[in-house]
Amino acid sequence: MNDILICTKRVLWQLLISFVVLAVILWENNQLILINGFIAGFLAGIIYFFIIGRRLFKSTGLEIEKAVFYMRAGWFIRLGILVLIFVMSIRISIAMFWAAVGGLVWVNLIVITNAVICAYQKKMHENN
């Protein structure tokens, strides 16, 4: 459990730092309005992984059939959040939509990369 907290802190710090760097880049290019789309994408990605994690931890104590149903219900919730964010952003502009997609992809990239690194480090410590 301690490993998960360390990896989660690392992910959150990396997201914060990358968000600040992105805001500076957008500000220098006079495109700061796009930060709203990136915020929407970042929040959608963070909420997405939070819901997955919470549902995984809760489903471990359930019977198999109930756990499958519980995870499928979570899939519809996550999909609904993504569709809502993307529909709202495309109504504003195409650039805002792509900014939201970029924010979501960036969160996924950081989370998955850190998950691989944490799993690799854990495996190396188990072998020693």
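Residues numbered from 1 in each chain as written. Predicted model: local features only at pLDDT ≥ 70, side-chain atom pairs only at ≥ 80, totals over all residues. Heavy atoms only, no water.

Draft legend 1. View of the overall build of the protein. Of regular secondary structure, the protein possesses four helices and zero strands. Along the three orthogonal principal directions, the C-alpha set of the protein runs to about 50 × 40 × 15 Å. Taken over 128 residues, the protein has a buried fraction of 31%. When contacts within the protein are restricted to residue pairs at least 6 apart in sequence, those whose partners lie at least 24 apart make up 63%. Surface accessibility of the protein: about 9000 Å² in total, with carbon and sulfur atoms responsible for 74%. Of the charged side chains in the protein, 11 are positive and 5 negative; the average position of the first set lies 7 Å away from that of the second. (Helix = DSSP H or I, 4+ residues; strand = E, 2+ residues; numbered from the N terminus. Buried < 20%, exposed > 50% of the residue type's maximum accessible area, 1.4 Å probe, protein only. Contact = heavy atoms within 4.5 Å. Areas by Shrake-Rupley, 256 points an atom, 1.4 Å probe, with all protein chains shown as cover. Lys, Arg positive; Asp, Glu negative; His and termini not counted. Charge placed at Lys NZ, Arg CZ, Asp CG, Glu CD.)

Draft legend 2. Focus on the nonpolar core. Counting residues in each nonpolar core, the largest one holds 13 residues, and the members touching the most others are L15, L26 and F38. Those elements that place two or more of their residues in this core are α1 (2-28), α2 (35-59) and α4 (94-127). When residues of this core are assigned to their parent elements, the largest contribution, five residues, is made by α1. What L15 contacts, discounting residues up to four positions off in sequence, is F42, I46, W106, V107 and I110. If you look at the next biggest cluster of nonpolar residues, it comprises nine residues, including A40, A44, L82 and A100. (Core = buried A, V, L, I, M, F, W, Y, C linked by side-chain atoms within 4.5 Å.)

Draft legend 3. Structural context of the packing of aromatic side chains. One pass over the structure, following the stated rule, counts five aromatic pairs. Here the aromatic rings of F97 and W98 are separated by 5.1 Å at their centres, their planes lie at 75°, and the arrangement is edge-to-face. Exposure remark for F97: the relative accessible area of 19% places this residue in the buried category. By relative accessible area, W98 is classed as exposed at 54%. Against the face of Y48 rests R78, its NZ or CZ located 5.3 Å from the ring centre. (Phe/Tyr/Trp six-rings, centres within 6.5 Å; stacked < 30°, edge-to-face > 60°. Lys NZ or Arg CZ within 6 Å of the ring centre and 35° of its normal.)

Draft legend 4. Layout of the packing of α2 against helix α3 (residues 64-92). Between α2 and α3, the shortest axis-to-axis distance is 10 Å and the interhelical angle comes to 175°. Accordingly, the angle class assigned to the pair α2 and α3 is roughly antiparallel. Side by side, α2 and α3 meet where A40, A44, I47, Y48, I51, I52, R55, L56, K58 and S59 of the first sit next to A67, Y70, M71, A73, G74, I77, R78, I81, L82 and I85 of the second. Its residues placed into classes, the contact of α2 with α3 shows 15 nonpolar, two polar and three charged. (Axes fitted to C-alpha atoms, helices over the stretch in contact; angles between N-to-C directions. Parallel < 35°, antiparallel > 145°, perpendicular 65-115°, else oblique. Nonpolar A, V, L, I, M, F, W, Y, C, P; charged D, E, K, R; others polar.)

Draft legend 5. The arrangement of the confidence of the model for the protein in detail. On average, residues of the protein carry a pLDDT of 85, and 98% of them reach 70 or more. Looking over the protein, one finds the lowest element-wise mean pLDDT in α3, namely 83, and the highest in α4, namely 87. (pLDDT = per-residue confidence, 0-100.)

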